[in-house]
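Descriptive analysis of the structure
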Amino acid sequence: MHRPLFLIGFMACGKSTLLRALAQRVPGRRYVDLDHEIVRIAGKSIPAIFAEDGEEAFRRLESDALQALCGSDAVVACGGGTPCRSGAMEAMLAAGTVVWLKADTDITVGRLRLAPGERPVIDALLDKPDALRAKIEALMAEREPYYSRATAVFDSSRLGNEAEIEESARRFIDEFLEK
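Since we're looking at a predicted model, the values are computed, not measured.

A word on the environment of I41. Within the element layout of this structure, I41 appears in helix α2 (residues 34–42). What makes I41 partly exposed here is its relative accessible area of 43%. Each C-alpha atom of the pair I41 and M140 lies 28 Å from the other, and the pair is 99 residues apart in sequence. Not counting the four nearest positions on each side in its chain, I41 is found in contact with L61 and A65.

Below is the structure:
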């Protein structure tokens, strides 16, 4: 059995895109998007959890789902704030390999603006480019001490089209997944 592998990084760094690409190319592993697992458990969308129950309720669900996955052989795409919760990085590092997917800030801004309604933390700023960039840079600086504890770093800037996704998935498989 494989140890779990956790994909961490800032929102829109490509965790879900890379996870889907890996699932198509490396069978025999379980692939879990932590946000999708939370939605499944809660029975409602993440924006609905935030609106109806608050961020703290979302974070509790996230923590419980993460703990359950630490004992699995899954490849897990974590939410951007997941590693910042008390004990989360310690649990992931103790359970398996943690890879920080790191994308260029300009690419992150562009990806975020393409997905309105998906990220409650920044949705109100999507039509305010300067405020959005400032918020992203502040959150990145706040989260970097957590992310920097990862086992490895992987450049996820090149996931903009099928050719880039293919090339990035191949690089990731060669570096981190046993065939």
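Next, the rest of the story.
With that settled, the discussion passes to the pattern of salt bridges. In the structure shown here, the tally under the stated rule is 14 salt bridges. A salt bridge links R158 to E167, with the shortest nitrogen-to-oxygen separation between them at 3.8 Å. Among the residues examined, R158 registers a relative accessible area of 44% and is labelled partly exposed. Taking relative accessible area as the criterion, E167 reaches 25% and is therefore assigned partly exposed.

A separate point is the sheet that holds strand β1 (residues 5–8). Taken in spatial order, the 5 strands make up an open sheet running β2-β3-β1-β4-β5, and their pairing is parallel. The open sheet terminates on both sides in strands that have one partner only, identified here as β2 (31–33) and β5 (152–155). Averaged over all pairs of adjacent strands, the angle between strand axes in this sheet comes to 25 degrees, irrespective of strand direction. In the sheet, strand β4 (residues 97–102) pairs with β5 via 4 bridges, with the strands oriented parallel. When the sheet's bridge partners are listed, K102 is paired in β5 with D155.

This part is about the side chain of R111. Looking at where R111 falls in the secondary structure, it is placed in helix α6 (residues 105–113). Engagement of the side chain of R111 in a polar contact is seen with the backbone oxygen of C13, the distance being 3.1 Å. Each residue touching R111, except ones within four places of it in the same chain, is listed here: A12, C13, G14, A103, S156, S157, R158 and L159.

Among the structural elements, E137 can be located in helix α7 (residues 129–147). Sequence-wise, E137 and A48 are 89 residues apart; in three dimensions their C-alpha atoms are separated by 26 Å.

This part covers the nonpolar core. With 37 residues, the main nonpolar core has F6 and I8 as its most contacted residues. For this core, the secondary structure elements donating two or more residues are β1, α2, α3 (46–53), α4 (55–70), α5 (88–95), β4, α6 and α7. Beyond its immediate chain neighbours, meaning those up to four positions away, F6 contacts L66, L69, C70, V76, C78, M92, A95, G96, T97, V98 and V99. Listed in part, the 23 residues of the second largest apolar core include C13, A152, A169 and I173.

What follows deals with unusual backbone geometry. Unusually for a residue other than glycine, A12 sits at a positive phi of about 65 degrees. By secondary structure assignment, the location of A12 is in the loop between β1 and α1 (15–25). Residue class for A12 comes out buried when judged on its relative accessible area of 9%.

Cut-offs applied
Residues numbered from 1 in each chain as written. Predicted model: local features only at pLDDT ≥ 70, side-chain atom pairs only at ≥ 80, totals over all residues. Heavy atoms only, no water. Helix = DSSP H or I, 4+ residues; strand = E, 2+ residues; numbered from the N terminus. Buried < 20%, exposed > 50% of the residue type's maximum accessible area, 1.4 Å probe, protein only. Contact = heavy atoms within 4.5 Å. Salt bridge = Lys/Arg side-chain N within 4 Å of Asp/Glu carboxyl O. Pairing = 2+ DSSP bridges. Axes fitted to C-alpha atoms, helices over the stretch in contact; angles between N-to-C directions. Polar contact = N/O pair within 3.5 Å; in protein donor to acceptor, adjacent residues only side chain to side chain. Core = buried A, V, L, I, M, F, W, Y, C linked by side-chain atoms within 4.5 Å.

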